[in-house]
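What the coordinates show
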Amino acid sequence: MPTSDTPTVTPLAPLDERSRLLRREILLTLKKAGRGHLAPALSLVEILRVLYDHVLRFDPAKPDWAARDRSILSKGHGCLALYALLADKGFFPANELDCFCKPTAMLGGHPEHCKVPGVEASTGSLGHGLPIGVGRALAARLDGKSWRTFVIMGDGECNEGSVWEAALAAGKHKLSSLTAIVDYNKQQSYGTTAEVLDLEPFAAKWESFGFSAIEVDGHDVEALKAVFERLPLHADRPTAVICHTVKGRGFKSVERNLAWHHKTKLSDEEYEKLLAELEGV
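Below is a summary of the structure that appears in this document. (Residues numbered from 1 in each chain as written. Predicted model: local features only at pLDDT ≥ 70, side-chain atom pairs only at ≥ 80, totals over all residues. Heavy atoms only, no water.)

Glancing now at the overall build of the chain. Secondary structure summary: the chain contains 10 helices and 9 strands in total. Against the 2.2 N^0.38 benchmark of 19 Å for 281 residues, the chain shows a C-alpha radius of gyration of 18 Å, consistent with a compact globule. For the C-alpha atoms alone, the extent of the chain along its principal axes is close to 55 × 40 × 30 Å. Partitioning the intrachain contacts of the chain with sequence separation of at least 6 by distance along the chain shows that 76% fall at a separation of at least 24. As displayed, the chain offers around 11,700 Å² of accessible surface, 53% of which is attributable to carbon and sulfur atoms. Distance between charge centres in the chain, computed from 34 positive and 37 negative side chains, equals 3 Å. (Helix = DSSP H or I, 4+ residues; strand = E, 2+ residues; numbered from the N terminus. Rg over C-alpha atoms; globule rule 2.2 N^0.38 Å. Contact = heavy atoms within 4.5 Å. Areas by Shrake-Rupley, 256 points an atom, 1.4 Å probe, with all protein chains shown as cover. Lys, Arg positive; Asp, Glu negative; His and termini not counted. Charge placed at Lys NZ, Arg CZ, Asp CG, Glu CD.)

In structure tokens form, the structure reads like this:
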């Protein structure tokens, strides 16, 4: 059942210069590495951009600052987008992006806690981020702290039973400082979410687990800001923000194309073609 906050989603609206800049950085990082999950990172760009530009409390010079908000990218294979934002904010030098996935490099194909400044949890095995986030939110309550916890998940990841076990615990404990953010691009590595394991009615599922749920266009920066400014939606419930996105957003030949879930050996010709596509959106 749709909620009253279900948006009229227009994910193909033009991208602004900051969104294009971040996508150029992601594409160049993959080009230099010769591998990476491109399409899963592109659907995350505006979500992470708004979080790091407008929402999260952090200090890049002190990544372990006790009062920081905790942001966990549970969808670890989308880390190219996270790395672009962390470099942009000064958590590490931008030239570290040039070494992505190289032997002994800091930045691997999935984010590692205690290795990459700004990464709150090692992720890659899907379904772990929300359980970790529940633990962090409970710790903040027990310690009487005001920092918040945000967990960014993939929609395919929500096939995992551990997600819903954690959701039950979050609802039971009324963890209003916890926000679950789902990148709902409706595709997994080998098919659509509807084909693999349909999530609908998605918002109603979160609500039945004790969350307040809201749906938003995950590529609309102003709409995302407006939602995050309202958090928590209710004082005694965790919040689920369902972000309707397009996998591969920004490059026409990549959008909704499962062949780009993971890409290796991007040729010079492909790279230039994609840059040209980006300028047209």
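Looking now at the pattern of salt bridges. The full count for this structure, using the stated rule, is 20 salt bridges. Of the charged contacts, one joins D268 and K31 as a salt bridge, the two residues approaching to 2.7 Å between their closest N and O atoms. Linking D268 in helix α10 (residues 268-279) with K31 in helix α1 (residues 17-33), this pair joins segments that are 237 residues apart in sequence. With relative accessibility at 22%, the residue K31 sits in the partly exposed group. The partner of R249 in a salt bridge is E255, with the nearest N and O atoms 2.9 Å apart. Judged by its relative accessible area of 2%, R249 is buried. In the salt-bridge network here, residues are joined through shared partners; they are D16, R18, R49, D53, D88 and K89. (Salt bridge = Lys/Arg side-chain N within 4 Å of Asp/Glu carboxyl O. Buried < 20%, exposed > 50% of the residue type's maximum accessible area, 1.4 Å probe, protein only.)

Right, let's get into empty space enclosed by the protein. A probe as big as a water molecule, rolled over the atoms, marks out the empty space that is left. Counted by the stated rule, this structure contains 2 cavities of 30 Å³ or more. Roughly 100 Å³ of volume is contained in the largest cavity. Taken together, Y52, L56, R57, F58, P63, R68, D69, S71, F91, G118 and E120 form the lining of the largest cavity. Its residues assigned to classes, the lining of the largest cavity shows 5 nonpolar, 2 polar and 4 charged. Considered as a void within the structure, the second largest cavity measures approximately 40 Å³ in volume. Lining the second largest cavity are R35, G36, H37, F100, C101, G109, H110 and H262. (1 Å grid on protein atoms, 1.4 Å probe; cavity = no way out; pocket = protein on both sides within 12 Å on 5 of 7 lines; lining within 4 Å. Points joined across faces, edges and corners; volume = space filled by probe spheres on them. Nonpolar A, V, L, I, M, F, W, Y, C, P; charged D, E, K, R; others polar.)

Taken as a whole, helix α9 (residues 221-229) has its buried residues at V221, L224, K225, V227 and F228. The buried side chains of α9 occupy one side of the element, clustering within an arc of 165 degrees when seen end-on. Projecting away from the buried face of α9 at angles above 90 degrees are the exposed residues E222 and E229. Those residues of α9 that are buried lie in contact with α3 (45-55), β4 (178-184), β7 (212-217) and β8 (239-244). Between a side-chain oxygen at the N-terminus of α9 and the backbone nitrogen of E222 the separation is 3.2 Å; the capping residue is D220. (Arc of directions from axis to C-beta. Polar contact = N/O pair within 3.5 Å; in protein donor to acceptor, adjacent residues only side chain to side chain.)

Attention now goes to the side chain of D183. In this fold, D183 is placed in strand β4. In terms of polar contacts, D183 uses its side chain to reach the side chain of S43, at 2.6 Å. Excluding anything up to four places from it in sequence, D183 contacts P40, S43, L44, I47, K75, M153, G154, D155, C243 and T245.

Reported here for the largest pocket is a volume of approximately 210 Å³. In terms of residue class, the lining of the largest pocket is made up of 3 nonpolar, 9 polar and 6 charged.

With that out of the way, let us pick up the environment of S177. Mapped onto the elements of the fold, S177 is located in the loop between α6 (161-172) and β4. Measuring from C-alpha to C-alpha, the distance between S177 and R136 comes to 9.7 Å, with 41 residues separating the pair along the chain. For S177, the residues in contact, after removing those within four places along its chain, are A137, W147, R148 and T149.

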